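Below, each chain spelled out in residue letters.
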Amino acid sequence: MEAIDNHEEGDQLKNQAASSNSNNNKATEPKPISSELEGVLSDTSLSGFQRLRRAMAIELNILFKLAAPAIVVYLLNNVTSMATQIFCGHLGNLELAAASLGNNGIQIFAYGVMILVLIAGLLENPEIALDSLSVCMTISGWVYMISVGFNAAASVRVSNELGAKHPKSAAFSVVIVTLCSLVIAMILAAVVLVLRHVISYVFTGGETVAGAVSELAPYLAVAIILNGVQPVLSGVAVGCGWQTFVAYVNVGCYYVVGIPLGSLLGFYFNLGAKVEKASDRLDKWKGKEEEKPLLAS
């Protein structure tokens with residue numbers, strides 16, 4: 001009898017263990033990707049506008065649930081560096097240049113941005129060049145964090161939809177996430193152009209730096225718009241499984257095309273002389289103000 005009882009107890013323990021393993025597998029099993037978006041895009045009974053409207057509502061809801069937390073985290077991480085440069089910039093132009101060199105050198109050396117800082121130091125009037133470049137790069141870097149958030153969302157959305165064999169949903173996600181990032185980038189670029197004469201005063205009170213940043217603002221606006229698209233497309237490629245291809249393209253575009261082209265424009269075509277032009281223009285304005293005769297009392 002004892003042997004039979006022990007055998008029954010053993011069977012019960014085995015059943016409990018099997019049930020526990022089954023529950024654990026169900027808990028860790030990933031949730032299936034919803035086919036709602038694919039169904040809407042494939043529904044020929046709806047008009048094109050109706051499909052577009054419903055699909056956009058579904059995709060935007062999913063997209064911003066993924067992108068919003070990532071964007072907030074990236075922006076907050078970038079605020080620390082920005083706050084340091086703002087504080088140093090109001091101490092003086094030299095302090096802003098030093099903070100720019102330190103922040104760019106320590107934090108983002110891996111991205112090669114330090115090379116731009118070193119090249120800017122070789123231009124005429126390097127202190128003003130570094131200051132103006134610091135302001136522009138800080139603004140561009142902060143806006144770039146928004147695109148990086150969309151990069152993460154695009155990678156997740158494309159990989160999930162392709163893995164679930166939803167090609168229409170994957171293609172639609174690419175279009176929506178790219179348009180969202182581009183529209184935000186264009187709005188911020190327009191804000192930069194509108195505030196081009198005063199935006200540098202957030203970082204420093206120097207009028208010469210403000211003039212130099214004002215001259216560079218159109219190029220900054222173009223960079224912001226391009227940065228609104230490039231990271232998203234990189235995320236799409238990563239979601240498609242083309243990580244190696246993305247790495248080669250990014251390295252080639254930056255080191256083979258970007259840095260040599262920037263050096264050529266800055267030194268050979270004298271576009272780096274915009275800093276000097278801004279400084280000379282401010283000196284002329286000050287000279288004219290000093291030459292004004294005083295009114296006799």
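If you're wondering where the values come from, they're calculated on a predicted model, not measured in any experiment.

Calculation criteria
Residues numbered from 1 in each chain as written. Predicted model: local features only at pLDDT ≥ 70, side-chain atom pairs only at ≥ 80, totals over all residues. Heavy atoms only, no water. Helix = DSSP H or I, 4+ residues; strand = E, 2+ residues; numbered from the N terminus. Buried < 20%, exposed > 50% of the residue type's maximum accessible area, 1.4 Å probe, protein only. Contact = heavy atoms within 4.5 Å. Areas by Shrake-Rupley, 256 points an atom, 1.4 Å probe, with all protein chains shown as cover. pLDDT = per-residue confidence, 0-100. Core = buried A, V, L, I, M, F, W, Y, C linked by side-chain atoms within 4.5 Å. 1 Å grid on protein atoms, 1.4 Å probe; cavity = no way out; pocket = protein on both sides within 12 Å on 5 of 7 lines; lining within 4 Å. Points joined across faces, edges and corners; volume = space filled by probe spheres on them. Patch = residues over 30% accessible without salt bridge, like charges linked within 9 Å, V, L, I, M, F, W, Y side chains within 5 Å. Salt bridge = Lys/Arg side-chain N within 4 Å of Asp/Glu carboxyl O. Polar contact = N/O pair within 3.5 Å; in protein donor to acceptor, adjacent residues only side chain to side chain. Axes fitted to C-alpha atoms, helices over the stretch in contact; angles between N-to-C directions. Parallel < 35°, antiparallel > 145°, perpendicular 65-115°, else oblique.

**Student:** Please clarify how the overall build of the protein should be interpreted in this entry.
**Tutor:** A count of helices and strands for the protein gives 11 helices and 0 strands. Taking all 297 residues of the protein together, the buried fraction comes to 36%. Excluding contacts between residues fewer than 6 apart, the proportion of contacts in the protein whose partners are at least 24 apart in sequence is 75%. Accessible area for the protein stands at about 17700 Å²; split by element, carbon and sulfur atoms hold 66% of it.

**Student:** Which parts of the structure should I look at to understand the confidence of the model for the protein?
**Tutor:** One rule of thumb: low pLDDT means the predicted coordinates there are not for detailed reading. The pLDDT averaged across the protein works out to 77; a share of 68% of its residues lies at or above 70. At the level of individual helices and strands, the protein shows its lowest average pLDDT in helix α1 (residues 2-28), which scores 51, and its highest in helix α7 (residues 167-194), which scores 94. Long-range and interchain partners of residues 293-297, a stretch whose pLDDT sits below 50, account for 0 contacts in this model, where long-range means more than four residues apart.

**Student:** Quick question: what am I supposed to make of the nonpolar core here?
**Tutor:** Ranked by size, the top nonpolar core spans 22 residues in total, and within it L37, A55, L63, I71, F150, F172 and V177 carry the most contacts. Of all the secondary-structure elements, those providing two or more residues to this core are α2 (36-42), α3 (48-89), α6 (126-163), α7 and α9 (230-239). When residues of this core are assigned to their parent elements, the largest contribution, 7 residues, is made by α6. Within the second largest apolar cluster, 18 residues are counted, among which are C136, V143, A189 and A221.

**Student:** Is there a simple way to explain empty space enclosed by the protein in this structure?
**Tutor:** Over the atoms a probe the size of a water molecule is rolled, and this reveals where empty space is left. Tallying each qualifying case throughout the model produces 1 cavity of 30 Å³ or more. Estimates place the volume of the largest cavity at around 30 Å³. Mapped by element, the contributors of at least two residues to the lining of the largest cavity are α6 and α7. For the lining of the largest cavity, the element with the most residues is α7, which contributes 4 residues.

**Student:** Is there a simple way to think about a nonpolar patch on the surface in this case?
**Tutor:** The grouping of Y219, V251, Y255, V256, V257, L261, L264, L265, Y268, F269 and L271 at the surface amounts to a nonpolar patch, some 1100 Å² of accessible area in total. Element by element, the count of residues in the nonpolar patch is highest for helix α10 (residues 243-268), at 8 residues. Examined against the element boundaries, V251 turns out to sit in helix α10. Of the residues examined, V251 reaches a relative accessible area of 46% and is grouped as partly exposed.

**Student:** Mind showing me how you'd approach α9 here?
**Tutor:** Quick reminder: α-helices carry 3.6 residues per turn. Residues three or four places apart thus point the same way. Where burial is concerned, most of α9 is hidden: 7 out of the 10 residues are buried. Three or more residues of α9 are buried, namely P231, V232, S234, G235, V236, A237 and G239. Buried residues along α9 sit in contact with α6, α7, α8 (207-227) and α10. A positive phi of about 90° marks G241, the residue just after α9.

**Student:** I'm lost on the side chain of S173 in this one. Help?
**Tutor:** Mapped onto the elements of the fold, S173 is located in helix α7. A distance of 3.2 Å separates polar atoms of two side chains, one belonging to S173 and the other to R157.

**Student:** Would you mind going over unusual backbone geometry with me for this structure?
**Tutor:** Where the residue is not glycine, phi is negative for most of them; where a peptide bond is considered, it is trans in most cases. Even without being a glycine, K165 presents a positive backbone phi close to 60°. Counting through the fold element by element, K165 comes out in the loop between α6 and α7. For K165, a relative accessible area of 73% translates into the label exposed.

**Student:** What exactly am I supposed to notice about the packing of α7 against α8 here?
**Tutor:** Helix-helix packing is described using two parameters, namely the angle between the two axes and the distance between the axes. One way to put it is that α7 packs onto α8 with a least axis distance of 8 Å and a crossing angle of 170°. Between α7 and α8, the angle is such that the two are roughly antiparallel. Between α7 and α8, the contacting residues are L182, A185, M186, A189, V192 and L193 on the first element and A217, P218, L220, A221, I224 and I225 on the second.

**Student:** Explain the environment of S42 here, please?
**Tutor:** With respect to the secondary-structure elements, S42 resides in helix α2. In the structure, S42 is positioned 127 residues away from S169 in sequence and 9.5 Å away in space, judged by C-alpha atoms.

**Student:** Would you mind showing me how to read the pattern of salt bridges here?
**Tutor:** For side chains bearing opposite charge, pairing can occur when the charged atoms are close. For the structure on display, the rule yields 2 salt bridges. The partner of R157 in a salt bridge is E59, and the shortest N-O contact between them spans 2.7 Å. Within this pair, whereas R157 is found in helix α6, its partner E59 is found in helix α3, the two being separated by 98 residues in sequence. Overall, the relative accessible area of 0% leaves E59 in the buried class. One salt bridge connects R157 with E161, and the closest N-O pair in it is separated by 2.9 Å. Of this pair, R157 and E161 both sit in helix α6, separated by 4 residues, roughly a single helical turn.

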